Each structure stands twice: as C-alpha cells, then as structure tokens.
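Now for the letters of each chain:
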Amino acid sequence: MTAPSKPRAPEGDLATFARERFTHGGATHDVYRKGKGPAVLVLTELPGISPQVLGFADRVVALGCTAVLPSLFGTAGRDPFQDKVAGALYAVSSMVRVCISKEFTVLAAGRSSPAVDWLRALAASEHQRCGGPGVGVVGMCFTGGFALAMAADARVLAPVMSQPSLPFGLTEDRRRAVDCEPAALDAVAQRCDREGLRVIGLRFKGDPLVPEERFQFLRERLGEGFVAVELEQADGHPEGPLKKHHSVLTGSLIDAPGEPTRAALDRVLQLFRDKLLAA
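(A) Representation of the pairing of strand E4 (residues 66–71) within the structure. For E4, the buried fraction is high: six of the six residues fall into the buried class. The alternating pattern of E4 places Thr-66, Val-68 and Pro-70 and Ala-67, Leu-69 and Ser-71 on opposite faces, both of which are buried. With six bridges joining them, strand E2 (residues 27–35) and E4 adopt antiparallel strand pairing. Bridging from a neighbouring strand, Tyr-32 pairs with Leu-69 of E4. Note: strand E3 (residues 39–43) against E4, three bridges, orientation parallel. Each residue of the ladder has a partner; that of Ala-39, found in E4, is Thr-66. With helix H1 (residues 51–63) bridging E3 and the parallel E4, this β-α-β connection has right-handed handedness.

(B) Broad picture of the pattern of salt bridges. In the structure shown here, the tally under the stated rule is 19 salt bridges. For Glu-20, the salt bridge identified is with Arg-129, shortest N-O distance 2.8 Å. Of this pair, Glu-20 sits in strand E1 (residues 18–24) while Arg-129 sits in helix H3 (residues 115–130), and the two are 109 residues apart along the sequence. For Arg-129, a relative accessible area of 46% puts it in the partly exposed group. Residues Glu-232 and Lys-205 are paired through a salt bridge, measuring 3.1 Å at the closest nitrogen-oxygen approach.

(C) Region of the structure containing the environment of Val-268. Relative to the helices and strands, Val-268 resides in helix H8 (residues 260–277). Separated by 67 residues in sequence, Val-268 and Gly-201 place their C-alpha atoms 9.6 Å apart. Val-268 has contacts with Phe-56, Val-160, Ile-200, Leu-202 and Leu-249, leaving out every residue within four places of it along the chain.

(D) Here's a closer look at the sheet that holds E3. Across the sheet, which stays open at both edges, the eight strands sit in the order E1-E2-E4-E3-E5-E6-E7-E8 with mixed pairing between neighbours. The open sheet has two edge strands with one neighbour each: E1 and strand E8 (226–231). Looking at each pair of strands side by side, their axes are set apart by 20° on average, direction ignored. Docked against the sheet, H3 engages E1, E2, E3, E4 and strand E5 (135–140), running at close to 125° with respect to E1. Running at roughly 165° to strand E6 (residues 156–162), H8 makes contact with E3, E5, E6, strand E7 (199–204) and E8 of the sheet.

(E) Quick look at the packing of H1 against H8. At a minimum axis distance of 11 Å, the contact between H1 and H8 shows a crossing angle of 40°. Here the hand of the crossing between H1 and H8 comes out right-handed. The segment H1 lies against H8, with Phe-56, Arg-59, Val-60 and Leu-63 engaging Leu-265, Val-268, Leu-269, Phe-272, Arg-273 and Leu-277. Looking at the contact of H1 with H8 residue by residue, the classes come out as eight nonpolar, no polar and two charged.

(F) Main features of the packing of helix H6 (residues 182–195) against helix H7 (residues 212–222). Closest axis-to-axis distance for the H6/H7 pair is 9 Å, and the angle between their directions is 60°. In terms of orientation, H6 lies oblique with respect to H7. Here Leu-185, Asp-186, Val-188, Ala-189 and Cys-192 of H6 lie close against H7, whose contacting residues are Phe-217, Arg-221 and Leu-222. For the contact of H6 with H7, the residue count by class is six nonpolar, no polar and two charged.

(G) Main features of H3. Here H3 contains 16 residues, and its C-alpha end-to-end distance of 22 Å stays within 8% of the 22 Å for a straight helix at 1.5 Å per residue. Ala-115, Val-116, Trp-118, Leu-119, Arg-120, Ala-121, Leu-122, Ala-123, Glu-126 and Cys-130 are the residues of H3 that are buried. Phi for Gly-131, located one or two positions after H3, is positive at around 75°.

(H) Spatial organisation of the layout of surface pockets. Each pocket or cavity is described by its volume, and for the largest pocket that value is around 760 Å³. Around the largest pocket, the lining comprises 31 residues; the ones closest to its centre are Leu-46, Pro-47, Phe-81, Ala-91 and Leu-242. For the lining of the largest pocket, the leading source of residues is helix H2 (residues 84–100), giving five residues. Along the lines of polarity and charge, the residues of the lining of the largest pocket split into 14 nonpolar, twelve polar and five charged. Volume-wise, the second largest pocket comes out at about 190 Å³. The wall of the second largest pocket is formed by Arg-8, Ala-9, Glu-11, Gln-52, Asp-79, Phe-81, Glu-239, Pro-241, Thr-250, Gly-251 and Leu-253. Tallied by class, the residues present in the lining of the second largest pocket amount to four nonpolar, three polar and four charged.

About the thresholds
Residues numbered from 1 in each chain as written. Predicted model: local features only at pLDDT ≥ 70, side-chain atom pairs only at ≥ 80, totals over all residues. Heavy atoms only, no water. Buried < 20%, exposed > 50% of the residue type's maximum accessible area, 1.4 Å probe, protein only. Helix = DSSP H or I, 4+ residues; strand = E, 2+ residues; numbered from the N terminus. Pairing = 2+ DSSP bridges. Right-handed = clockwise from strand over helix to strand, strands pointing away. Salt bridge = Lys/Arg side-chain N within 4 Å of Asp/Glu carboxyl O. Contact = heavy atoms within 4.5 Å. Axes fitted to C-alpha atoms, helices over the stretch in contact; angles between N-to-C directions. Left-handed = near helix turned anticlockwise from the far one by under 90°. Nonpolar A, V, L, I, M, F, W, Y, C, P; charged D, E, K, R; others polar. Parallel < 35°, antiparallel > 145°, perpendicular 65-115°, else oblique. Expected span 1.5 Å × (residues − 1). 1 Å grid on protein atoms, 1.4 Å probe; cavity = no way out; pocket = protein on both sides within 12 Å on 5 of 7 lines; lining within 4 Å. Points joined across faces, edges and corners; volume = space filled by probe spheres on them.

Right, here's the structure in full:
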C-alpha cells in the first residue's frame, strides 16, 4: 500500500487580494493587500509572489492582521512549479532582472539594498493606515535580509528572516555576512538589548544558499535577540521542489501538526500574535 502523501503548504488566490500602487523615492510597485488589523509585510522569495506565498499571507490574515505583499519582481500569482521547464526559465529571468536592477544589492556584504528605503516607507504608510502597536515583516530568500534592515525602524516589532540568501556565499567573508548596512545592524542590536526585540531566523541545515556561518554571525551581533530556527534536511517535504530544502514557510513546508516545519511556521505566527495583537 502506498503511503499517503504529506500535506503541502496551502496556496492562495491572488484574486482575493486588493491591488494598489505605492510610490516613494521615484520607485513605484504594485502592492497586494488583504485583511484587517496591524500590518504584516510579506516580502516574497524569488521568482515572485507565488500561490504558496499567498497561502502564507492568508494565514497572516486569519490571525487578525493585514497582509501586505509588495511585488518587487516577477509576475504576481504565477506558480513557478507548475511546469519545470517554464518555471526554471521564469526563475532565471527574474534573477537576471534583479541582478541588473539598481534597487537590489546582490553580491556586496554589509550593504542594504536601496529597495529597503522604499519598504521602510511602505511600512510607515501601512502602520498609519492599519493602526496597532507596529508592523511585522517577513523576508524570504532573496528578501530575507530586508526584514533585518527594516528592523532598525522602531515601527517594526516582529521581524522574520526566512532563509536569508544574500549576499551569495561565494567567499568566507560573504558567508559570514548579511545584506544589512552596519549602521542598521547596530540599530537592530541596540533594540534587541534595550527593547527586547527578537529577530527570528529560519533555515535548513545544509542549504548552500544560507550558510551556517551567516547564522553564527547574526548570533554574535544580536546575541539573545537572534532566535535561530534551524531544521534538518529530513524535516522538509519529501516532494519539495529543490534537491536541497530551502523555503521553510512555503515549498518545503509539511503542513501537519507535529512536523518541524509546521512548528517553525507556528512560531512565526505566534510572534505576530505576541507583538502585534496581544494588547
């Protein structure tokens, strides 16, 4: 008898989100919104806002928060895993556009991407619009470090870095670094010490895009303020889209109680409850 397949991450429908445009500093991007309550910015992984990322956003909405998804690259709503060949070409196309864009810093260590300024402005706007004590931010993969850099802003009360992949770990220095400028990292460290800020970091061990040295660096810089959630490769979904598990909250999630990836997801959602909704 064939064992039943394990449940995957839920998928969301882009049509259930309202689309708006947000402009700051000469840059304009689409922003998809859904829900009521304090804002949580969900920053997509490459190649763009997928049905799995929308499914995660729906969980945020179910908590009683407003999910805010800026579309910084790719085609919103497109499933990159529906067709392997087309999906691979789509991923490469998105990566090339990101690498040549002036909004993103791909290789440099210790530098925040210019897009972070735009995202901080969006977070300020959403906080004013949605109310509550502050905002949450989830960065995934390419945008993982953006959540850290944004946490220099006192409005950000619940920052989450899921598989932060920049800078690419081509050298030892880059593996022991994150794409966050020193001044912002210092500000986050001070908030951890003075305010009890906690930054959650998620990764699969053995993921070449998120080296162990990067999490060790964050432990050293943020101390108890950095909460590392590190999963074994065996914890990922057996039918995950990549040979090495990478996407903790989406593609490699096993959506069942008792599974380590589900426990990691629940920990992120609890952070939002505690910091944004407890009052």
